[in-house]
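# Structure at a glance
One letter stands for each residue in the lines below.
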Amino acid sequence: MYRFLLSRQWVILTLVGLALIPVMIKLGFWQYHRHEHRVARNDQVAQSLAADPVPVTRLAAPGRPVPHEDVWRRITASGTYDTKGEVVVRLRTDADGNQGYFVLTPLVLDNGPALLVNRGWIPANGDLTKLPHIPPAPKGKVSVVGRLRADETTGSGIKNTEGLPDRQVMLISSEQRAKADHRPFLGGFVELVGPVPEGQPKPVPAPNHSEIGPHMAYAVQWWLFSGFVPVGWFILVRRERRDRAAEAAKAADGPGAEAAAVA
């Protein structure tokens, strides 16, 4: 009764099912690893934000990328803003999704190198070919507190468009600013969190480190799907066997029933 499993249709169906099972299991583990990565990232961000601020020169140095474990650490720095090297970063949004710019201003530290400071967000003025109005940076020596970030790259999905208007950029990159300003910059940049006087750019909000995303749910779904494949195959086999048995019985009873009716 199960010889139909050797037919071309059932061989193909069985092979497809056997191929789908490991693929679905692998997709489940892929989503599970993404869940683990998200949880680890949230823990790292939470620990960094909760740590006591440290001088930025303890974590960053000219030409050195910011280590992963130091990203989001709160830092302190003292120096003087150099507005001649100030630029704006295009196509950035605030917490409400409004389009605008980030304001990047070099902070020349007391000991020489400069620190790239993201002073916050300002709205777009409608004409993207012109420099928007930028609230002036505080004059004289200032002390700032901020969150340390790694330089942005095109690998993060941001397109580094060429030929932009003067003093407008796409990426926040200390390396690019060092070349443009002809001075050493500490690696990475800082998101200003305080103090922020009234009338200054809107501070960049702290990262959300409580959401874990749907990856664990997706992993469970893929694993359930992999279990449904053999169950579904078994159900289809039983149904096919039942249908074939019913057809065979009907074919066997058909001539006898007709002869009895004529007699």
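A brief look at the structure comes next. (Residues numbered from 1 in each chain as written. Predicted model: local features only at pLDDT ≥ 70, side-chain atom pairs only at ≥ 80, totals over all residues. Heavy atoms only, no water.)

## Points about the overall build of the protein
Summing up its helical and strand segments, the protein has three helices and eight strands in all. Counted from the first residue to the last, the protein has its helices and strands arranged as α-β-β-β-β-β-β-β-α-β-α. Relative to its length of 263 residues, the protein is extended, with a C-alpha radius of gyration of 32 Å against a globular reference of 18 Å. Projected onto the principal axes, the alpha-carbon positions of the protein cover approximately 120 × 40 × 30 Å. Look at the contacts in the protein between residues 6 or more apart in sequence, and 70% of them connect residues 24 or more apart. (Helix = DSSP H or I, 4+ residues; strand = E, 2+ residues; numbered from the N terminus. Rg over C-alpha atoms; globule rule 2.2 N^0.38 Å. Contact = heavy atoms within 4.5 Å.)

## Topic: the pattern of salt bridges
Once their charged atoms are close, side chains differing in charge can pair, the charge on each being opposite to the other. Scanning all chains against the criterion turns up ten salt bridges. Note that E191 and R147 form a salt bridge whose closest N and O atoms lie 3.1 Å from each other. Of this pair, E191 sits in strand β8 (residues 189-194) while R147 sits in strand β6 (residues 141-149), placing them 44 residues apart in sequence. In this structure, E191 and R147 share a single accessibility class: buried. The residue E175 makes a salt bridge to K179 at a minimum N-O spacing of 3.8 Å. Here K179 and E175 lie together in helix α2 (residues 174-181), a separation of four residues that amounts to about one turn. Given the relative accessible area of 52%, E175 is considered exposed. A single salt-bridge network, built from bridges that share partners, covers E86, R119 and R167. (Salt bridge = Lys/Arg side-chain N within 4 Å of Asp/Glu carboxyl O. Buried < 20%, exposed > 50% of the residue type's maximum accessible area, 1.4 Å probe, protein only.)

## Brief notes about the pairing of strand β2 (residues 74-81)
Bridge analysis of strand β1 (residues 54-55) against β2 gives two bridges, and the strand direction is parallel. By the bridge assignment for β2, P55 is matched with T76. Where β2 and β6 come together, seven bridges link them in antiparallel fashion. Across the sheet, the residue bridging to T76 is V145, located in β6. In this sheet, strand β4 (residues 99-109) lies alongside β2 in antiparallel orientation, the contact comprising three bridges. Paired with G79 across the two strands is L109, which belongs to β4. (Pairing = 2+ DSSP bridges.)

## Side note on the side chain of S173
Along the chain, the position of S173 falls in the loop between β7 (168-169) and α2. Under the relative-accessibility criterion, S173 is labelled buried at 7%. In this structure S173 touches L116, D151 and E152, once residues within four positions along its chain are discounted.

## Description of the nonpolar core
As a rule of thumb, nonpolar side chains are buried together in soluble globular proteins. Ranked by size, the top nonpolar core spans 23 residues in total, and within it V56, I75, A77, Y81, L107 and L115 carry the most contacts. Every element with two or more residues in this core is listed here: α1 (8-50), β2, β4, β5 (114-123), β6 and β8. Apart from residues no more than four positions distant in its own chain, I75 is found in contact with P53, V54, V56, L59, L115, V144, V145, G146, L148 and V190. Grouped together as the second largest cluster of nonpolar side chains are twelve residues, V89, F102, L116 and W121 included. (Core = buried A, V, L, I, M, F, W, Y, C linked by side-chain atoms within 4.5 Å.)

## Examining a positive patch on the surface
The grouping of R238, R239, R241 and R242 at the surface amounts to a positive patch. Along the chain, R239 falls in helix α3 (residues 215-262). Judged by its relative accessible area of 43%, R239 falls in the partly exposed class. (Patch = residues over 30% accessible without salt bridge, like charges linked within 9 Å, V, L, I, M, F, W, Y side chains within 5 Å. Areas by Shrake-Rupley, 256 points an atom, 1.4 Å probe, with all protein chains shown as cover. Lys, Arg positive; Asp, Glu negative; His and termini not counted. Charge placed at Lys NZ, Arg CZ, Asp CG, Glu CD.)

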